[in-house]
Amino acid sequence: MKQLLFVYNPTAGRQRARTMLSEILTVFAQEGYEITVRPTLGPGDATQVVADTAQKFDRVVCCGGDGTLNETVRGLLTLPQEGRPILGYIPAGTTNDFSRNINLPRSTQALARVACGGVPRAIDIGQLSDRQFLYIAAFGLFTDVSYSTPQASKNLLGHLAYVLEGAGRLMNFPSYPVKVTTDRGLEMEGEFLYGMVSNTVSIGGLVNLPRELVRLDDGQFEGLLIRSPRTAKDWQSILTALTTQKLPEDGSVVGFTCTQAHFTSPKPLAWTVDGEFGGEYTELDISNRSRALIIACGN
C-alpha cells in the first residue's frame with residue numbers, strides 16, 4: 001500500500017485539528033493509503049519527525065497553522081531533492097495565510113482529498129540566514145503579532161486576536177533604519193515602518209498582493225517597503241495603497257521583485273518567518289531556492 005505520514009498540531013486554531021481527525025483519516029484510507037499518525041509535541045517537533053522519517057513515505061501531510069507548515073517544510077528540505085515526498089497541507093490554524101495560494105477547498109473531506117491526491121505543483125522556498133521560509137520574511141509593524149499573541153487568546157478569539165494585538169500599537173509605532181539592496185538593482189535606505197520579502201498573495205489576512213503578480217514557482221520574491229509616516233497625509237497614502245493594491249507616487253510604499261536581497265541596519269532587527277520569530281540581525285541575506293518543493297494544490 002501507499003504510505004502516508006500525517007503530522008498534525010493538536011493545539012492549532014482552537015484545537016481544530018482534533019475535531020477534523022476522523023474525517024481526514026477516513027479519506028486517506030479510502031484513497032488507499034496506509035497511515036502513520038503523529039501529533040506534534042512542541043516547537044520544532046514536526047521538523048525533527050519529518051527529517052527523520054519522511055523518506056520512507058510516499059506523501060507527507062501536515063495539519064495545523066502556518067507555523068506547523070513551516071516546520072514540516074524545513075524537515076523536508078533536509079532530505080535530498082529526489083527523496084522529498086509530495087507535501088499535502090490541511091490548514092487548521094488561526095490565519096492560514098499560505099492556503100490562499102494553492103486553491104484549497106473549504107470542507108474537511110475535500111481538504112483531505114486534495115492533500116493526498118491534489119495537483120502536484122512546484123514551489124519556491126526562501127532562505128533567510130540558516131532558516132527556510134515558505135511564504136514570507138518580514139520586519140516591523142505587526143510582524144511579531146502571531147508569535148507574541150498568547151495561544152489562549154488565539155484559541156478564544158481566532159484571527160481577531162491578531163488584529164486587536166496589532167491595533168494597540170498604532171498610536172505608538174516604531175521606526176526602523178534599514179538599507180536594502182537587491183540583485184535587480186534596487187538600493188534604498190531610510191526609516192521604514194514595515195518591510196517584507198514574500199511569495200504569497202496574503203499577509204496576516206490584512207495585506208493582500210495582486211494574485212496575477214504572484215507566482216509560486218518563478219524563482220523570485222515580491223517585496224514591499226513602507227516608509228515611516230511623518231504626517232497624517234503620509235499615513236493616509238499608506239492605507240490607500242494597501243487597500244487598493246496600487247503603489248503611490250509619493251514613495252510611501254515601495255514594491256519590488258528580486259531573487260536575492262541584502263538588508264543592513266545599525267541595530268539588531270527582529271524578523272518573523274512564516275509567522276514565527278526568525279531571529280535578530282544587523283546584516284542579513286535572503287535568497288530564493290527555486291522550485292525546491294512539490295505541494296498538492298486544488299484545481
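Note that the structure is a prediction, hence the values are computed from the model and not measured.

Engineer: Tell me about the nonpolar core, and please be specific about residues and values.
Structural biologist: Counting 60 residues, the largest nonpolar core has Phe6, Phe28, Leu87, Ile90 and Phe98 as the members making the most contacts within it. Ranked by residues supplied to this core, first place goes to helix 1 (residues 12-30) with six residues. Phenylalanine 6 has contacts with Leu21, Ile24, Leu25, Phe28, Ile35, Thr36, Val37, Arg38, Val61, Cys63 and Ile90, leaving out every residue within four places of it along the chain. Grouped together as the second largest cluster of nonpolar side chains are 23 residues, Ala137, Val180, Ala261 and Trp271 included.

Engineer: Before we move on, could you go through the side chain of aspartate 66 and cite the residues and values that matter?
Structural biologist: By secondary structure assignment, the location of aspartate 66 is in helix 3 (residues 66-76). At a separation of 3.0 Å, a polar atom in the side chain of aspartate 66 contacts the side chain of tyrosine 135.

Engineer: Lay out helix 1 with the relevant residues and their values.
Structural biologist: Note: α-helices contain 3.6 residues per turn, so residues at a spacing of three or four share the same orientation. With 19 residues, helix 1 extends 26 Å from end C-alpha to end C-alpha; this agrees with the ideal 27 Å at 1.5 Å per step. Along its length, helix 1 shows its largest kink, about 50°, at leucine 21. Taken residue by residue, helix 1 has Ala12, Gly13, Ala17, Met20, Leu21, Ile24, Val27 and Phe28 as its buried positions.

Engineer: So what's going on with the packing of helix 2 (residues 45-53) against helix 3? Which residues, and what values?
Structural biologist: In contact at an axis separation of 7 Å, helix 2 and helix 3 are set at 30° when each is read in the N-to-C sense. Put simply, helix 2 runs roughly parallel to helix 3. As helix 2 runs across helix 3, the sense of the crossing is right-handed. Residue-level inspection shows Asp45, Ala46, Thr47, Val50 and Ala51 of helix 2 in contact with helix 3, the latter providing Glu71, Thr72, Arg74, Gly75 and Leu76. Taken together, the residues of the contact of helix 2 with helix 3 break down into four nonpolar, three polar and three charged.

Parameters at a glance
Residues numbered from 1 in each chain as written. Predicted model: local features only at pLDDT ≥ 70, side-chain atom pairs only at ≥ 80, totals over all residues. Heavy atoms only, no water. Core = buried A, V, L, I, M, F, W, Y, C linked by side-chain atoms within 4.5 Å. Buried < 20%, exposed > 50% of the residue type's maximum accessible area, 1.4 Å probe, protein only. Helix = DSSP H or I, 4+ residues; strand = E, 2+ residues; numbered from the N terminus. Contact = heavy atoms within 4.5 Å. Polar contact = N/O pair within 3.5 Å; in protein donor to acceptor, adjacent residues only side chain to side chain. Expected span 1.5 Å × (residues − 1). Bend = angle between axes of the 7 residues up to and from the residue. Axes fitted to C-alpha atoms, helices over the stretch in contact; angles between N-to-C directions. Parallel < 35°, antiparallel > 145°, perpendicular 65-115°, else oblique. Left-handed = near helix turned anticlockwise from the far one by under 90°. Nonpolar A, V, L, I, M, F, W, Y, C, P; charged D, E, K, R; others polar.

From the geometry alone we can't say anything about function, so treat these as descriptive.
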